[in-house]
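As a plain string of letters, each chain reads:
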Amino acid sequence: MFNLKRQLLSIIFILLISSSLIFISASTTKSVQSNYEWGSLHMGGGGFVSGLVRGQTEMYLRTDVGGAYKYDYTNKKWVQLFNFIDESQSGLLSVRGIAIDPTDDNIVYFLCGCAYLSDGKTVIFKTTNGGKTFKEIDVTSLIQVNGNGDGRVCSEQIAVNPDNPNMIYAGGDVASGDSALIKSTDGGLTWSAVIGYNNLGLFKYKLNWPSWSNHIVRGTTYEGYVQQGGINCIRIYNGKVYVATSVKGYSNIHYANVSKDSFSVLSYNLPTNNYPLTLTDDSNGNLFITYISGLNFEGESGGAYKYNINSKTVTNISPTDKAIGMIAVDKSNPNKLVTRTTGVWQSQSWGSYEAWGDSFYRSTDGGNSWTNITPGQSISLSMKNNGYEWISGKSIHWGAGIVIDPRDSNKIYMLSGNGIFACDNVWASYGIQFYFDPKGVEETVPLDMVSVKGGYAYSAILDYDGFIHKSLTDIGIQYTPNIGSTGVIAVCTSDTNIMMRISYNDNTAYYSNDAGTSWTKMNSAGGEGAGKGAITKYNGKYRFLHALSGSIVYSDNYGQSWNYASGVKGGNIGILVDENYSNYVYYYSRGNYNEYTYFGVSKDGGKTFTTKNVCVNDGSNFSNRISFVETGSFIVSGGYNGAYLISNYGTTITKLDVSYSKTIGTGVPKKSGKPNAIYMYGKVDSTDPEGIFRSEDKGSSWVLINSLKTHGGPGNGNFIVGDKNTFGTLYMSTVGLGVLYGKVK
């Protein structure tokens, strides 16, 4: 972000690295995309669903790093709408606001952007066909948002005027132009600054966006880019636009006639000691305004208020003095309301044990009185996991969103930091049942993956450990005991019952001797590090290897003690054990920008390595992974330097004729005895679209298998793993959309 590295890529080429350097020309890339189908491995939720908006009959939701979804009522699941976004646009998977045209549920606007990805680009995506296609409108020069920053819990920053659907307002976390509030009068095609709002003087602090850049914007506070809440939410009702701003100590709710855009304080009787959190209305002359003490889910104080537009009176309708999330109104009866707390830790029952999260309430008299319907409290039953065993014991938390289904007023949806929950009988006199209902929403951040010959696929996941995937569609089985964020999953290729997983955050590690069914804690992981792991069998003992920052350690006693390997160079290290000769261990490291990448070979099970230079690290954050092609041959990525076939057990390095290789992996060949199939995220020819390519002949020729549903590219995990049992099947990490899979139809 905000650097010149990519401008240098066209002039940085490969330095002469050995006398065995060979060049192979690739044939013209052809597409076989029609032969493939794509989906996400089924885990369920896993990340923060930050907003949910209902239309007349449809619902759309947004996430902080995982795109946007539409609910499919026929199949009762959520469908990802943003899988067309590529790696360069991955910041647009952070969605800060959704607005549905009140006259047509198929016309929807999505306000998207992430301060630290895609150069801080902010766009409004417009669809007129329910998410099948989109038009992108870039508003970066006017406003910018951070869909993964503080304040993403607030309700929508974009709104359509129900009296004139061509008029739309959108708000920024910061102002990069003349105002943090912008307006369109032509259905979102063009936008201009609303100077009347800017004249309020609320955006008076200059800051770098993000902090390491030279890009100057205006915010409501001097704090860093993550803490900028800016315009929290917008509501348009009866010819007026209402705007909530993330300021304290003075009025933070203002309104204007949409024809004049001259703003005034809504009411001096509204509180100013907390941040506005949500704005809703009951279509019966009342606005509902809720508050929170801190935008980073700090719910110690807040409350809920009803403002009557005609009488201009303010009524405190808080069910508790803690932070209150959205107030959702039954469209058939405006006196029936549901709400929740936000960032509050109260008891939620899972039967024999408790979780701690938000409380939930309903009212049948417009908010004058409330009934507590929190799971396990009062008239509600304990929560159910709905087949997602991993969620048991985990709370509904963080979210402000709560929505009544537009097609069924008895059903509500509740947003959470781990997905989405539902209840089908919210108005029942007793036996109200909450349950986890994330089907289709996959928002985990995968960090590592292995596919086991004759076995299953295994993932390592940020926040939620990882899963055994017995099929492409079954709900994954989470590892137990949990260690939170898992950065490494490894299997011994000569005995696939032996596995290891290592924490992403600390020195915690576990091993398994029954293919992940049960796990035993190691004494340590040999040190903290973001590198990968491997297991080999050497001299009759299982040897566990773990890449630290700039080194590799190994243990021959199940992690009781560790030793440093010698001959290792560079950082960001990937490790691979030869599938046929367990004494051979290899590593690939990227080193620092503009330094060499290194390939190391060990003949003594990873104790000592001999290292060669491969190429220059061009700064494109390519993968450090090594993948097995055939006996003695491996494939690695080199970013804009291309890809490299390393053969003869590391003695020959061959540069493939590839334009860009972000990450690369291998899977079982189409025919037995042939080299493994190679899968690469990048470009073969410079004129190719960015996407996923496949080769069956060690990189001499390629076919394009996916440029249409790239899900934002390989993200943090930066892996492609070919399936070890089924030709054509592969798995790819994403920024926040779980594990993408592809398979031949």
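You'll find the structure just up there.
Residues numbered from 1 in each chain as written. Predicted model: local features only at pLDDT ≥ 70, side-chain atom pairs only at ≥ 80, totals over all residues. Heavy atoms only, no water.

Draft legend 1. Quick peek at the overall build of the protein. Check the secondary structure of the protein and you find two helices and 64 strands. The globule rule puts the C-alpha radius of gyration for 745 residues at 27 Å, and the 27 Å found for the protein is close to it. Split into buried and exposed, the 745 residues of the protein put 64% on the buried side. Taking all contacts inside the protein whose residues are at least 6 apart in sequence as the whole, residues at least 24 apart take part in 52%. Accessible surface, the protein: about 26,100 Å² in total, of which carbon and sulfur atoms supply 44%. Averaging the locations of the 60 positively and 58 negatively charged side chains of the protein gives two centres separated by 3 Å. (Helix = DSSP H or I, 4+ residues; strand = E, 2+ residues; numbered from the N terminus. Rg over C-alpha atoms; globule rule 2.2 N^0.38 Å. Buried < 20%, exposed > 50% of the residue type's maximum accessible area, 1.4 Å probe, protein only. Contact = heavy atoms within 4.5 Å. Areas by Shrake-Rupley, 256 points an atom, 1.4 Å probe, with all protein chains shown as cover. Lys, Arg positive; Asp, Glu negative; His and termini not counted. Charge placed at Lys NZ, Arg CZ, Asp CG, Glu CD.)

Draft legend 2. Spatial organisation of the pairing of strand 30 (residues 346-349). Two elements, strand 30 and strand 31 (residues 354-357), share four bridges in a ladder whose sense is antiparallel. Bridge pairing in strand 31 places Gln346 opposite Gly357. What sits between strand 30 and strand 31 in their antiparallel hairpin is a turn of four residues, with Gly351 showing a positive phi close to 95°. (Pairing = 2+ DSSP bridges.)

Draft legend 3. Representation of the sheet that holds strand 41 (residues 477-478) in the model. One open sheet accounts for four strands, arranged 38-39-40-41; its pairing is antiparallel. Each edge of the sheet is formed by a strand with only one pairing partner; in this case those strands are strand 38 (445-451) and strand 41. Direction of pairing for strand 38 relative to strand 39 (residues 457-462): antiparallel, over a ladder of six bridges. Bridging across to strand 39, Val445 finds its partner in Leu462.

Draft legend 4. Up close: the packing of aromatic side chains. All told, the structure shown has 44 aromatic pairs when counted by the stated rule. Between Phe297 and Trp398 the ring centres are 4.5 Å apart and the planes differ by 5°, which places this aromatic pair in the stacked class. Within this pair, whereas Phe297 is found in the loop between strand 25 (286-294) and strand 26 (298-308), its partner Trp398 is found in the loop between strand 33 (371-372) and strand 34 (402-404), the two being separated by 101 residues in sequence. Its relative accessible area of 8% is what places Phe297 among the buried residues. (Phe/Tyr/Trp six-rings, centres within 6.5 Å; stacked < 30°, edge-to-face > 60°.)

Draft legend 5. Geometry of the pattern of salt bridges. All chains considered together, the criterion is met by 18 salt bridges. Between Asp64 and Arg152 there is a salt bridge whose closest N-O contact spans 3.2 Å. With Asp64 in the loop between strand 5 (59-63) and strand 6 (68-72) and Arg152 in the loop between strand 12 (143-144) and strand 13 (158-160), this residue pair connects regions lying 88 residues apart in the sequence. As far as the burial class goes, Asp64 and Arg152 line up, both buried. Two residues, Arg694 and Glu696, come together in a salt bridge whose shortest N-O distance is 3.3 Å. Owing to a relative accessible area of 11%, Arg694 belongs among the buried residues under this scheme. (Salt bridge = Lys/Arg side-chain N within 4 Å of Asp/Glu carboxyl O.)

Draft legend 6. The sheet that holds strand 2 (residues 30-31), seen in detail. Strand order in the open sheet made by the five strands is 2-61-60-59-58, with mixed pairing throughout. At either end of the open sheet lies a strand with only one pairing partner, and these are strand 2 and strand 58 (660-667). With five bridges joining them, strand 59 (residues 677-683) and strand 60 (residues 691-695) adopt antiparallel strand pairing. Pairing of Met680 across the sheet is with Phe693, part of strand 60.

Draft legend 7. View of the nonpolar core. If you look at the biggest cluster of nonpolar residues, it comprises 52 residues, and the most contacted ones within it are Leu52, Trp78, Met414, Phe434 and Tyr731. Contributing elements (two or more residues each) for this core: strand 4 (49-54), strand 5, strand 6, strand 34, strand 35 (412-416), strand 36 (419-423), strand 37 (434-436) and strand 39. Beyond its immediate stretch of four places on either side in the chain, Trp78 contacts Leu52, Met59, Tyr60, Leu61, Tyr69, Lys70, Tyr71, Ile420, Asp437, Lys439, Gly440 and Val441. In terms of nonpolar packing, the next biggest core, distinct from the first, is built from 19 residues, Ala159, Leu202, Ile234 and Val258 among them. (Core = buried A, V, L, I, M, F, W, Y, C linked by side-chain atoms within 4.5 Å.)

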